[in-house]
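What follows is each chain in one-letter form.
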Amino acid sequence: MVTTAYATLGHGVTFAGRPFVRVQPPRGMVDAKRTRGTNVVELQAVADPRTGTAVVLGALDNLIKGAAGQAIQNANLAFGFPEGTALPTLAVYP
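We now turn to the structure provided with this report. (Residues numbered from 1 in each chain as written. Predicted model: local features only at pLDDT ≥ 70, side-chain atom pairs only at ≥ 80, totals over all residues. Heavy atoms only, no water.)

**A short note on the sheet that holds strand β1 (residues 2–8)**
Sheet strands associate in pairs through backbone hydrogen bonding, adopting either a parallel or an antiparallel arrangement.
Okay, step 1: Taken in spatial order, the four strands line up as β1-β4-β3-β2 in an open sheet, and their pairing is mixed. Of all strands in the sheet, those with a lone pairing partner are β1 and β2 (21–23), marking the two edges. The mean inter-strand angle of the sheet, taken between neighbouring strand axes irrespective of direction, is 25°.
Okay, step 2: Across seven bridges, β1 lies against strand β4 (residues 53–60) in antiparallel orientation. Following the sheet pairing, Thr8 is matched in β4 by Thr53. (Pairing = 2+ DSSP bridges. Helix = DSSP H or I, 4+ residues; strand = E, 2+ residues; numbered from the N terminus. Axes fitted to C-alpha atoms, helices over the stretch in contact; angles between N-to-C directions.)

In structure tokens, the structure reads:
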């Protein structure tokens, strides 16, 4: 699934240290192929200071990163396991 979202710009927003978030470099582009079969979401954001808006593109595999993957991720945290236990980060791409 690939989506475009708009948000009000915030200060100090970062995804550093988040194992399942890949922020694409400037001029990079999200790609659903790189997230297929993973619990990863790819993000690309562009700020428009004129309007105070951020345009954010995201790509994810809704079957894994959706409710099932989120439930496993939350259970890992709740029971003291490493956050990424049993959650893939390498894409299943032919």
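**Describing unusual backbone geometry**
Okay, step 1: One non-glycine residue, Arg27, lies in the positive phi region at around 70°.
Okay, step 2: Mapped onto the fold, Arg27 is located in the loop between β2 and β3 (41–48).
Okay, step 3: The phi torsion at Ala86 lies on the positive side, around 65°, for a residue other than glycine.
Okay, step 4: Among the structural elements, Ala86 can be located in the segment after α1 (67–78).
Okay, step 5: What makes Ala86 exposed here is its relative accessible area of 67%. (Buried < 20%, exposed > 50% of the residue type's maximum accessible area, 1.4 Å probe, protein only.)

**Describing α1**
Okay, step 1: Spanning 12 residues, α1 covers 16 Å between terminal C-alpha atoms, matching the ideal 16 Å at 1.5 Å per step.
Okay, step 2: Three or more residues of α1 are buried, namely Gly69, Gln73 and Asn76. All buried residues of α1 lie within an arc of 60° about the axis, which places them on one face of the element. Turned more than 90 degrees away from the buried face of α1, the exposed residues are Ala67 and Ala78.
Okay, step 3: Looking one or two places after α1, you find Gly80, whose phi comes out positive at around 80°. (Expected span 1.5 Å × (residues − 1). Arc of directions from axis to C-beta.)

**Structural notes on the layout of surface pockets**
Okay, step 1: Within this model, the largest pocket holds a volume of roughly 300 Å³.
Okay, step 2: Taken together, 13 residues make up the lining of the largest pocket; nearest its centre are Val13, Phe15, Ala45, Ala54 and Val56.
Okay, step 3: Contributing elements (two or more residues each) for the lining of the largest pocket: β1, β3 and β4.
Okay, step 4: With three residues, the single largest contributor to the lining of the largest pocket is β3.
Okay, step 5: A class-by-class count of the residues in the lining of the largest pocket yields nine nonpolar, four polar and no charged. (1 Å grid on protein atoms, 1.4 Å probe; cavity = no way out; pocket = protein on both sides within 12 Å on 5 of 7 lines; lining within 4 Å. Points joined across faces, edges and corners; volume = space filled by probe spheres on them. Nonpolar A, V, L, I, M, F, W, Y, C, P; charged D, E, K, R; others polar.)

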